[in-house]
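# Coordinate analysis (summary)
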Amino acid sequence: MKSLLDQEFTDGNIVIAKTEDLLNWARLSSLWQLGFGLACCAIEMMATSASHYDFDRFGVIPRPSPRQADIIIISGTVTLKMATRIKRLFEQMPEPKYIISMGSCSNCGGPYWQHGYHVLKGIDRVIPVDVYVPGCPPRPEALLEGLLKLQEKVRNESLVKKTL
Amino acid sequence: MALKTEEMVLNMGPQHPSTHGVLRLEVELDGELIINVKPHIGYLHRCFEKHCEAMTYPQVIPYTDRLDYLSSMYNNFGYVVTMERFLGIQVPERVEYIRVIMGELQRIASHLIALGTYGLDIGAYTPFLYCFRDRETILSLFEMTCGARLLYNYMWVGGLSHDLHPDFVPKCREFLKVFKPNITELNNLLSYNKIFVERTANIGILPAETAINYGITGPMLRGSGVKWDLRKNDPYSIYDRFDFEIPVGTGAQGTLGDCWDRYFVRVREMEESVKIVEQALDQLPEGDINAAIPKRIKPPVGSIYGRVENPKGELGYFIMSDGSTNPFRVKLRGPSFVNMTVFGELCKGHLIADVIAILGSVDIVLGEVDR
Amino acid sequence: MKTREEIFNILKQEFPQDVLEFQNIPTEPIITVNPLAIHRVCLFLRETAGLEFDTLMCLSGVDDANGEKTNDPDGSVTIKGGTLSVYYHLHSMKLDHKVTLRVSTPREDPEAESVESIWKCADWHEREAYDMIGIIFLHHPDLRRILMPYDWDAGYPLRKDYKNPEFYQGMKVPY
């Protein structure tokens with residue numbers, strides 16, 4: 001369903017919107033990302049924010065501090081040694097916060113699921129995930145698609161009641 | 001009354017925008033001055049060696065991709081060259097040429113990331129975008145050949161997974177033509193930039209003797225003025241057929257073996273790689289892309305140590321066989337792992353901001369440091 | 001430039017007690033050395049004119065798995081006895097020759113001398129061999145785990161009879 005914000009008003013100057021829609025629109029258009037890469041997928045994440053794919057046009061700007069970030073992209077294999085640190089980073093981020101799990105490794109352990117004695121088999125064992133992006137590694141287009149899915153989720157959120 | 005002072009321990013990473021992944025540095029400081037740096041690694045330890053023991057010999061190749069994910073082609077290259085020496089297989093000429101072309105393109109791509117992110121680390125954003133622009137062209141060449149952008153699984157024991165696409169050769173030539181002036185552009189933009197030179201010259205000086213004792217290889221060793229490149233000094237594949245130079249550091253902007261030298265060796269290596277690819281494209285023969293190899297690869301009982309010149313340095317595979325289809329033990333000697341050992345030594349006596357400049361010039365990839 | 005056999009002969013003459021045997025395997029000939037003498041042998045290899053091994057290319061710990069194997073009811077294996085080995089690949093940049101050394105230590109008491117003071121790059125390699133295989137390098141300045149977490153107490157993962165723990169800090173380890 002189209003929100004009021006998407007409707008066109010011919011006499012300009014007037015925008016009618018629900019507060020919720022307006023807030024959600026503002027939030028989804030500036031999802032600042034925690035600048036944080038783990039493994040191979042981080043390179044594709046870098047490629048996504050570089051010249052050809054330009055993550056910035058969706059309002060995704062890498063921030064070095066978790067306290068300024070809205071989303072965290074888990075880009076790569078999460079090891080047991082790293083998992084506790086990721087949990088800490090996630091806890092430091094202010095609400096509302098979102099997580100994109102990028103690549104097979106952070107979804108479920110990827111190629112390391114069977115013999116990886118030091119690999120966490122899926123980041124969702126430690127922190128809750130909003131969007132899973134499959135691939136090893138996912139193409140930049142796939143990550144963009146994942147972000148668009150997340151934006152859709154944010155668009156439908158309510159301030160009053162928690163939607164899932 | 002004297003002011004009370006004390007040393008401070010600063011923790012950098014594992015989440016830090018300039019540590020190139022998940023590296024933790026424990027920096028002991030006296031004011032801004034570094035007394036000691038202790039790197040803590042292992043945050044990306046993905047159990048490569050355990051996986052090798054559970055896989056058959058060809059199945060190891062996809063895991064080698066994921067070691068140094070910036071130079072996957074070259075990791076494949078190192079593994080298959082070692083395996084072919086172990087098995088005594090001769091591969092067709094065309095395969096050798098294609099491997100060299102892919103390997104050198106990968107070297108350019110890897111150096112582009114190293115240089116681009118180095119600029120980014122110390123405050124220059126534009127070179128990063130320019131480097132990624134050229135890298136994307138290389139990636140599309142790889143994608144055209146084997147269908148993947150980053151992790152290729154392209155070189156197999158005794159051959160390749162796919163032959164070249166008919167458009168590959170013209171597209172590759174076109175890229176080289178466009179890329180050559182771009183190196184000059186990068187030089188004007190970054191290499192001789194006053195701010196960049198101030199940040200990197202005379203910083204993190206690595207004398208040749210120390211480098212050799214620490215087992216440093218690759219652009220880092222050459223940055224210290226040692227003319228050592230396995231492509232010339234211990235030739236594998238068909239590198240002895242090409243005409244290229246080994247660039248070494250000269251101390252042009254400061255002292256021999258400083259960060260700028262290591263940086264500039266990489267820039268000049270890209271020029272040499274362009275030369276190699278051009279020659280290989282000219283000589284590229286027609287033919288088969290797979291040697292006749294047994295269906296089940298079983299090397300003789302024994303061990304072998306094979307090494308190649310990866311974009312980061314000497315990549316060694318120590319493979320032990322007990323005569324079965326799975327390796328008994330594979331040990332990887334990663335260039336980043338060994339190059340990282342000298343890091344604490346390089347940082348001593350510098351300022352805290354120089355840690356990033358030095359780390360960028362070492363050019364590590366954590367996937368290979370931790371395996 | 002010297003062949004591996006010539007290097008063995010020089011070593012055998014210098015260290016008749018500690019240089020044990022020469023295995024002429026076609027892919028890679030190996031010289032076996034007493035684990036408690038490896039430091040002396042390596043120092044000799046680096047310092048002697050005509051040998052001058054200035055770099056350590058690679059140092060690998062290996063579980064030989066040649067002890068007595070018993071199958072446990074849960075499908076895993078326990079190994080008793082046998083040896084753990086360390087392989088040293090040395091190279092001389094000046095003279096361009098290579099050599100491979102091996103030391104074998106008993107599995108129950110795996111101790112070898114450290115070569116960290118000869119080649120600095122052995123520092124992390126030895127820490128890794130300790131971390132993965134559990135070989136203790138005597139006189140190493142800082143022998144800690146390197147890749148696994150410091151509080152990992154489930155053993156040495158690259159041993160052939162390694163059993164993964166069910167949980168680590170509340171996180172489930174197996175799939």
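On a predicted model such as this, the values are computed, not experimentally measured, just so you know. (Residues numbered from 1 in each chain as written. Chains lettered and ligands numbered in written order. Predicted model: local features only at pLDDT ≥ 70, side-chain atom pairs only at ≥ 80, totals over all residues. Heavy atoms only, no water.)

## With respect to the environment of Phe90(A)
All names here are of chain A. On the secondary structure map, Phe90 appears in helix H3 (residues 80-92). Remark: the alpha-carbon pair of Phe90 and Ala69, spanning 21 residues in sequence, is separated by 9.8 Å. Here Phe90 is in contact with Ile72, Lys97, Ile99, Ile127 and Pro128, once residues within four sequence places are set aside. (Helix = DSSP H or I, 4+ residues; strand = E, 2+ residues; numbered from the N terminus. Contact = heavy atoms within 4.5 Å.)

## What about the sheet that holds strand S6 (residues 302-310) of chain B?
Residues and elements named next belong to chain B. A sheet is described by the order of its strands in space; here three strands give the open sequence S6-S7-S8, paired in antiparallel fashion. Among the strands making up the open sheet, the edge pair consists of S6 and strand S8 (327-333). Across the sheet, the axes of successive neighbouring strands diverge by a mean angle of 15°, strand direction being ignored. Summarising the sheet, strand S7 (residues 313-321) and S8 pair through six bridges and their orientation is antiparallel. (Pairing = 2+ DSSP bridges. Axes fitted to C-alpha atoms, helices over the stretch in contact; angles between N-to-C directions.)

## What about the packing of aromatic side chains?
One pass over the full model with this rule turns up 25 aromatic pairs over all chains. Here Tyr236(B) and Tyr239(B) contribute two aromatic rings whose centre-to-centre distance is 5.3 Å and whose plane-to-plane angle is 70°, an arrangement assigned as edge-to-face. Take Tyr236(B): its relative accessible area is 6%, and that puts it in the buried class. Measuring from centroid to centroid gives 5.5 Å for Phe15(C) and Phe44(C), while their planes differ by 90°, and the two rings are edge-to-face. Pair noted here: Phe15(C) is in the loop between helix H1 (4-14) and strand S1 (19-23) and Phe44(C) is in helix H2 (residues 38-47), with a separation of 29 residues, a long-range link. Put simply, the rings of Tyr74(B), Phe77(B), Tyr97(B), Tyr236(B), Tyr239(B), Phe242(B) and Phe244(B) touch in pairs and so form one group of aromatic residues. We note Lys81(A) situated over the ring of Tyr150(C); from NZ or CZ to the ring centre the distance is 5.2 Å. Between the NZ or CZ atom of Arg231(B) and the centre of the ring of Tyr239(B), over which it lies, the distance is 5.9 Å. (Phe/Tyr/Trp six-rings, centres within 6.5 Å; stacked < 30°, edge-to-face > 60°. Buried < 20%, exposed > 50% of the residue type's maximum accessible area, 1.4 Å probe, protein only. Lys NZ or Arg CZ within 6 Å of the ring centre and 35° of its normal.)

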